[in-house]
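A structural walkthrough
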Amino acid sequence: QALKAMKSADDSKDKVLRKLAGPRRAEKQRVAMQRYDTDADGFLCRGEILAYAQGEYGFDLPEVDLDRICRHLVKGGCAGVEFEDLQLLSSAVGISRDAVVG
């Protein structure tokens, strides 16, 4: 029974940590958006996406991957990637980096 109680406590701890991570992640993304959105329009344009990849990951995003990211994440009529899609941008940059670095 002691093992069962310890397992339950670990599960509860993990659940609490996941709930706390959400606001921290959102704050980190908000700070990153402010840092790289140099024209303060609420979107990351192509040049700002390149700066984001370099600043956050130390990675020079290839043009072909930048084109793909813009095609998928920039919604019609928008000036760039919105804040709501910053996590997707982060994932896309990570995928590109892994493909290049190997």
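One structure accompanies this document, and this report is about it. Everything numeric here is computed off the predicted structure, so don't read it as measured data.

Along the polypeptide, E48 turns up in helix 2 (residues 46–57). Within the buried set, E48 has no salt-bridge partner at all; the shortest N-O distance to an opposite charge, 11 Å, is to R46. Discounting chain neighbours no more than four positions away, the residues touching E48 are Y36, D37, T38, D39 and F43.

The next subject is the packing of helix 2 against helix 3 (residues 63–73). Where helix 2 meets helix 3, the closest approach of the two axes is 11 Å, and the angle between their N-to-C directions is 115°. For the pair helix 2 and helix 3, the crossing hand works out as right-handed. Residue-level contacts link R46, I49 and L50 of helix 2 to E63, L66, D67 and C70 of helix 3. Considered class by class, the residues forming the contact of helix 2 with helix 3 number four nonpolar, no polar and three charged.

By the definition in use, this model includes seven salt bridges. Of the charged contacts, one joins D67 and R46 as a salt bridge, the two residues approaching to 2.6 Å between their closest N and O atoms. With D67 in helix 3 and R46 in helix 2, the pair connects residues that are 21 residues apart, well separated along the chain. Given the relative accessible area of 34%, R46 is considered partly exposed. Between K75 and D85 there is a salt bridge, with its nearest N and O atoms 2.4 Å apart. Taken together, the residues K75 in the loop between helix 3 and strand 2 (81–82) and D85 in the loop between strand 2 and helix 4 (86–101) connect sequence positions ten residues apart. Of the residues examined, D85 reaches a relative accessible area of 10% and is grouped as buried. By sharing partners, the salt bridges in this structure join R46, E63 and D67 into a single network.

This next bit is on helix 2. Relative to the 16 Å expected for twelve residues at 1.5 Å per residue, helix 2 spans 16 Å between its end C-alpha atoms, a close match to the ideal helical length. Taken together, the buried positions of helix 2 are occupied by E48, I49, Y52 and A53. Looking straight down helix 2, one finds its buried side chains confined to an arc of 145°; they lie on one side. Phi turns positive one or two residues past the end of helix 2, at G58, with a value near 60°.

Glancing now at the packing of aromatic side chains. The description of an aromatic ring pair uses the distance of the two centres, along with the angle that the planes make with each other. Evaluated as defined, the whole model comprises two aromatic pairs. Ring geometry for Y36 against Y52: centres 5.6 Å apart, planes inclined by 90°, an arrangement best described as edge-to-face. Of this pair, Y36 sits in helix 1 (residues 2–36) while Y52 is found in helix 2, placing the two residues 16 residues apart along the sequence. The class for Y36 is buried, based on a relative accessible area of 9%. Ring centres of Y52 and Y57 lie 6.1 Å apart, and the angle between their planes is 75°; this geometry places the pair in the edge-to-face category. Accessibility expressed as a relative area gives 5% for Y52, which makes it buried. One aromatic cluster in this structure is built from Y36, Y52 and Y57.

Quick notes on the rules
Residues numbered from 1 in each chain as written. Predicted model: local features only at pLDDT ≥ 70, side-chain atom pairs only at ≥ 80, totals over all residues. Heavy atoms only, no water. Helix = DSSP H or I, 4+ residues; strand = E, 2+ residues; numbered from the N terminus. Buried < 20%, exposed > 50% of the residue type's maximum accessible area, 1.4 Å probe, protein only. Lys, Arg positive; Asp, Glu negative; His and termini not counted. Salt bridge = Lys/Arg side-chain N within 4 Å of Asp/Glu carboxyl O. Contact = heavy atoms within 4.5 Å. Axes fitted to C-alpha atoms, helices over the stretch in contact; angles between N-to-C directions. Left-handed = near helix turned anticlockwise from the far one by under 90°. Nonpolar A, V, L, I, M, F, W, Y, C, P; charged D, E, K, R; others polar. Expected span 1.5 Å × (residues − 1). Arc of directions from axis to C-beta. Phe/Tyr/Trp six-rings, centres within 6.5 Å; stacked < 30°, edge-to-face > 60°.

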